[in-house]
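# Structural description and commentary
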Amino acid sequence: MTDLAGWLGQGLDAVHRWQRGFADYPEHPAQRVDPDRFQAAFTELTERLTDNYPYFHPDYAGQMLKPPHPVAVAGYLTAMLVNPNNHALDGGPATARMEVEAIAALAGMVGFGEHLGHLTGGGTVANLEALFVARESHPGLGVAFSAQAHYTHARMCHLLGVPAHPVAVDAAGRMDLDALTDLLDTGTVGTVVLTAGTTGLGAVDPIHDALALRERYGVRLHVDAAYGGFFTLLAGDDPLVDPRPWRAIAHCDSVVIDPHKHGLQPYGCGAVLFADPTVERFYRHDSPYTYFTDGDLHLGEISLECSRPGAVAAALWLTLQVIPPTREGLGEFLAAGRRAALTWADLLEKSPVLDLHQTPELDIVTYFPRRDTLSAVDAATARVFTESMRAPDPVFLSVLTATAADLTRRHPALVADRDRARLLRSVLMKPESLSRVERLHQRIEDLAA
Ligand SMILES: *Cc1c(COP(=O)(O)O)cnc(C)c1O
């Protein structure tokens, strides 16, 4: 059981106790607010917040959305009352150390020994930092990523002025290493981005097979595990995922993990980790106003962002103390979602009404109403998607657009009468999903029939 109100009260008390240790001072009248005005606006706020989908509920089986764990909320709000800035040690000595410890825990999870890393606003900025370092270490060369990689890679290459090379995927949505090898033979690529859990399908690129290419071509390997990173916890003994790509991350040059996706954190928490701490040299700069109390490396010196919330580090640190990044700790959350995806995939394979699009590698399930043509699939998907949200018995799904080639290579009987079609997609990232998949499946079957 969680006791968020109690924990928040404890946090508020602790911060007030600390504040009372300093000299008393009169509050400026500008700080005061009219209680009626506050009440009216706050009531409006809470009312307007009901205009959301129920991300907390297992019947919300749509996008990658869920509230943070109450432990993270307690850590975040308590530290936010102090509002440290993890840019520099002066701005937040306590939370800067928590950030270093939380990063070390993530590095240990993926098998990096010595490392350099920090938290970022999210996976996009974390990937930008990894590609920035890649550009500096392999100047004049391009970046390759799979055609199903997150759109951010093409955009960030554009921003960095680096040529971007999308690489074809195989029938399971993973990077095709033969196509990659042909590209590497041209000598124009310095860095390969491997995705450990694509955003659409949760496909995991063959990182273990790509390791040999690094030796052969001298390329840098960056792993975008923004979504999938914590599935490493399921790759140990008695694995629930193919352990090979996860174990191979330890031998790559950098990795991005989003604690605000599968690490129970509120938004604003990504992380980038480098296996070689000397990449710090690429960030070197002089700031006349920030660093003065410590000779140690400040986190702000190894980050492209300047101000960064110490509260984010506090939330992640606290969470990892209470729910550690182990199979029995945080791994239990991912295992339940993974089992839910496997259970649902089984039901979909037997269903006379729905078709499984692809066997899930993680906890993302893609499926569609059985029809003969892409137009009919697309129309039925759109109808089920809209009708499923209607009361009295709503479920919430998301939609994925697939190309005709993506569909017909997996489902040869489908008639490609148009060039793409929408499918249904469910991200089962809440452990409670496990107890609801039968019901979700039943409900969608009824709608699709
Ligand atoms: C979500 C995601 C990103 C982008 O991360 P944000 O935290 O949304 O900025 C990048 N890559 C992958 C694989 C993702 O799933």
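Everything below is about the structure printed above this text.
The present account deals with the structure reproduced in this document.

What counts, and where the lines are drawn
- Residues numbered from 1 in each chain as written.
- Predicted model: local features only at pLDDT ≥ 70, side-chain atom pairs only at ≥ 80, totals over all residues.
- Heavy atoms only, no water.
- Pairing = 2+ DSSP bridges.
- Helix = DSSP H or I, 4+ residues; strand = E, 2+ residues; numbered from the N terminus.
- Axes fitted to C-alpha atoms, helices over the stretch in contact; angles between N-to-C directions.
- Contact = heavy atoms within 4.5 Å.
- Left-handed = near helix turned anticlockwise from the far one by under 90°.
- Nonpolar A, V, L, I, M, F, W, Y, C, P; charged D, E, K, R; others polar.
- Parallel < 35°, antiparallel > 145°, perpendicular 65-115°, else oblique.
- Buried < 20%, exposed > 50% of the residue type's maximum accessible area, 1.4 Å probe, protein only.
- Near = heavy atom within 4 Å.
- Polar contact = N/O pair within 3.5 Å; in protein donor to acceptor, adjacent residues only side chain to side chain.
- Core = buried A, V, L, I, M, F, W, Y, C linked by side-chain atoms within 4.5 Å.
- Domains from an automatic or database assignment.

## Some remarks on the sheet that holds strand β11 (residues 420–427)
Spatially, four strands are ordered β8-β9-β11-β10 in an open sheet, and the strand pairing comes out antiparallel. Because the sheet does not close on itself, it has two edges, and the strands there are β8 (354–358) and β10 (398–403). When the angles between neighbouring strand axes are averaged without regard to direction, this sheet yields 45°. Relative to β11, β10 runs antiparallel, the two sharing six bridges. Directly across from serine 398, in β11, lies its bridge partner arginine 425. Lying over the sheet, helix α12 (residues 330–350) contacts β8, β9 (364–369) and β11, oriented at roughly 20° with respect to β9.

## Re the packing of α12 against helix α15 (residues 437–448)
Running from N to C, α12 and α15 cross one another at 35°; their axes reach a closest spacing of 9 Å. Relative to α15, α12 is oriented so that their crossing is right-handed. Between α12 and α15, the residues in contact are Ala340, Thr343, Trp344, Leu347 and Leu348 and Val437, Glu438, Leu440, His441 and Ile444, respectively. Partitioning the contact of α12 with α15 into residue classes produces seven nonpolar, two polar and one charged.

## Things to note about the packing of helix α4 (residues 93–110) against helix α11 (residues 310–322)
Packing of α4 against α11 brings their axes to within 8 Å, and their N-to-C directions diverge by 50°. For the element pair α4 / α11, the angle class is oblique. In this structure, α4 crosses over α11, and the sense of that crossing is left-handed. Contacts between α4 and α11 involve Thr95, Met98, Glu99, Glu101, Ala102 and Ala105 from the former and Gly310, Ala313, Ala314, Leu316, Trp317 and Leu320 from the latter. Across the contact of α4 with α11, the residue classes tally to eight nonpolar, two polar and two charged.

## Quick look at unusual backbone geometry
That bond from alanine 391 to proline 392 is cis: its omega, 10°, falls within 30 degrees of zero. With respect to the helices and strands, the residue proline 392 is situated in the loop between α13 (374–388) and β10. The phi torsion at aspartate 238 lies on the positive side, around 55°, for a residue other than glycine. Topologically, aspartate 238 is positioned in the loop between β5 (220–225) and α9 (243–248). Backbone geometry at leucine 264 places phi at a positive 70°, although glycine is not the residue there. By secondary structure assignment, the location of leucine 264 is in the loop between α10 (259–262) and β7 (270–274). In this structure leucine 264 comes out as buried when scored by relative accessible area, which is 5%.

## Topic: the pairing of strand β2 (residues 142–146)
β2 sits mainly inside the fold: five of its five residues count as buried. Covered by surrounding structure in β2 are Gly142, Ala144 and Ser146 together with Val143 and Phe145, the residues of both alternating faces. For β2 and strand β4 (residues 189–195), the ladder comprises four bridges, and the chain directions are parallel. Following the sheet pairing, valine 143 is matched in β4 by threonine 191.

## Details of the site of the ligand
If you check the shell around the ligand, you find 13 residues, and the closest are Thr124, Asp224, Asp258, His260 and Lys261. Between threonine 124 and the ligand, the recorded distance is 2.6 Å, taken from a side-chain N or O atom to an oxygen atom. Between the ligand and the protein, one listed contact pairs an oxygen atom with a side-chain N or O atom of histidine 260 at 2.7 Å. Looking at the shell around the ligand, the elements that each hand over two or more residues are α5 (123–137) and α10. Among the residues forming the shell around the ligand, the class breakdown is two nonpolar, eight polar and three charged.

## Overview of the nonpolar core
Leu180, Val192, Trp246 and Val255 are the most contacted members of the largest nonpolar core, which totals 59 residues. The dominant element in this core, judged by the number of residues it contributes, is α4, at six residues. Per-domain counts for this core show at least three residues from each of domain 1 (78–284 + 295–322) and domain 2 (331–448). For leucine 180, the residues in contact, after removing those within four places along its chain, are Ala144, Val167, Met175, Val192 and Leu213. Counting residues in hydrophobic clusters, the runner-up holds 26 residues, among them Leu89, Ala96, Phe274 and Tyr283.

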